[in-house]
Amino acid sequence: MRKKKQTWLWQIVGEDLPGYSYLFGTIHIRDERAFQFLENALEYLKDCDVLATEFNLDEAESGTSAMNLQVPQNFSLKEALGKRRFERLEKLFYQNLGLPLIHFQRTHPFVLTSMLTESIMS
C-alpha cells in the first residue's frame, strides 16, 4: 500500500491483485474540514466495481441494522464494566453530553462510544 500525498485515499496495489483497490479513511465528526475531499472521493467511487462500507447501508435505511445493536436481556453496562469503570465513564458521559449514563444501561456500547466520540471530536 502506498500513500499519495497527504490524503485519506490510499491506493492498494500488488502483483497478486487483479486490479486496483482503494481505502478511504474517514473520521466521525461534523467538522467541515472532514468533507473537503468529498468531491475527489466521489469521482473514484463512480469508477468502482464493488464498494464495501463499515456496515450495510441498505440495512440502515430499512431499520434492520438497529436490531444488530440490541444487547441481551440480561446485559447491564454497570455490571459489564464494574463499579469503578462505570463511575468513570458516567462522569465522562455527563461532562461531554450532559446526560446521565444510568439511562443508557441497555444501550449497546458501540452506540455510547459513537456518541462520546462525536461529542469530544466536535
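Worth saying up front: this structure is predicted, and the values here are computed from it rather than measured.

Parameters and conventions
Residues numbered from 1 in each chain as written. Predicted model: local features only at pLDDT ≥ 70, side-chain atom pairs only at ≥ 80, totals over all residues. Heavy atoms only, no water. Helix = DSSP H or I, 4+ residues; strand = E, 2+ residues; numbered from the N terminus. Contact = heavy atoms within 4.5 Å. Core = buried A, V, L, I, M, F, W, Y, C linked by side-chain atoms within 4.5 Å. Buried < 20%, exposed > 50% of the residue type's maximum accessible area, 1.4 Å probe, protein only. Pairing = 2+ DSSP bridges. Patch = residues over 30% accessible without salt bridge, like charges linked within 9 Å, V, L, I, M, F, W, Y side chains within 5 Å. Areas by Shrake-Rupley, 256 points an atom, 1.4 Å probe, with all protein chains shown as cover. Salt bridge = Lys/Arg side-chain N within 4 Å of Asp/Glu carboxyl O.

## Notes on the environment of Phe-104
Consideration 1: Within the fold, Phe-104 resides in the loop between helix H5 (83–97) and helix H6 (109–121).
Consideration 2: Considered as a pair, Phe-104 and Ser-76 are 28 residues apart in the sequence and their alpha carbons are 9.4 Å apart.
Consideration 3: The contact partners of Phe-104, leaving out residues within four places of it in the chain, are Leu-77, Phe-93, Leu-99, Leu-112 and Met-115.

## Some thoughts on the nonpolar core
Consideration 1: Formed by Leu-77, Phe-86, Phe-93, Leu-101, Phe-104, Leu-112 and Leu-116, the largest nonpolar core amounts to seven residues.
Consideration 2: At the level of secondary structure, the elements contributing two or more residues to this core comprise H5 and H6.

## So, the pairing of strand S2 (residues 9–12)
Consideration 1: Judged by which residues are buried, S2 turns out to be one-sided: Leu-9 and Gln-11 face inward and are buried, whereas Trp-10 and Ile-12, on the alternate face, are not.
Consideration 2: The sheet contact formed by S2 and strand S3 (residues 21–24) spans four bridges and is antiparallel. Along S3, the bridge assignment pairs Leu-9 with Phe-24.

## Comments concerning the side chain of Thr-107
Consideration 1: With respect to the secondary-structure elements, Thr-107 resides in the loop between H5 and H6.
Consideration 2: Here Thr-107 is in contact with Val-71, Phe-75 and Leu-112, once residues within four sequence places are set aside.

## Some thoughts on a nonpolar patch on the surface
Consideration 1: The grouping of Phe-35, Leu-38, Leu-42, Leu-45 and Leu-51 at the surface amounts to a nonpolar patch, some 440 Å² of accessible area in total.
Consideration 2: As for its position among the elements, Leu-51 is in the loop between helix H1 (38–46) and helix H2 (57–62).
Consideration 3: Residue Leu-51 is classed as exposed on the basis of its relative accessible area, which comes to 56%.

## Digging into the pattern of salt bridges
Consideration 1: Applying the stated criterion to the full structure yields two salt bridges.
Consideration 2: A salt bridge links Lys-83 to Glu-87; the shortest N-O distance between them is 4.0 Å. In this pair, Lys-83 and Glu-87 are both assigned in helix H5, four residues apart and thus about one turn of the helix distant.
Consideration 3: Under the relative-accessibility criterion, Glu-87 is labelled partly exposed at 40%.

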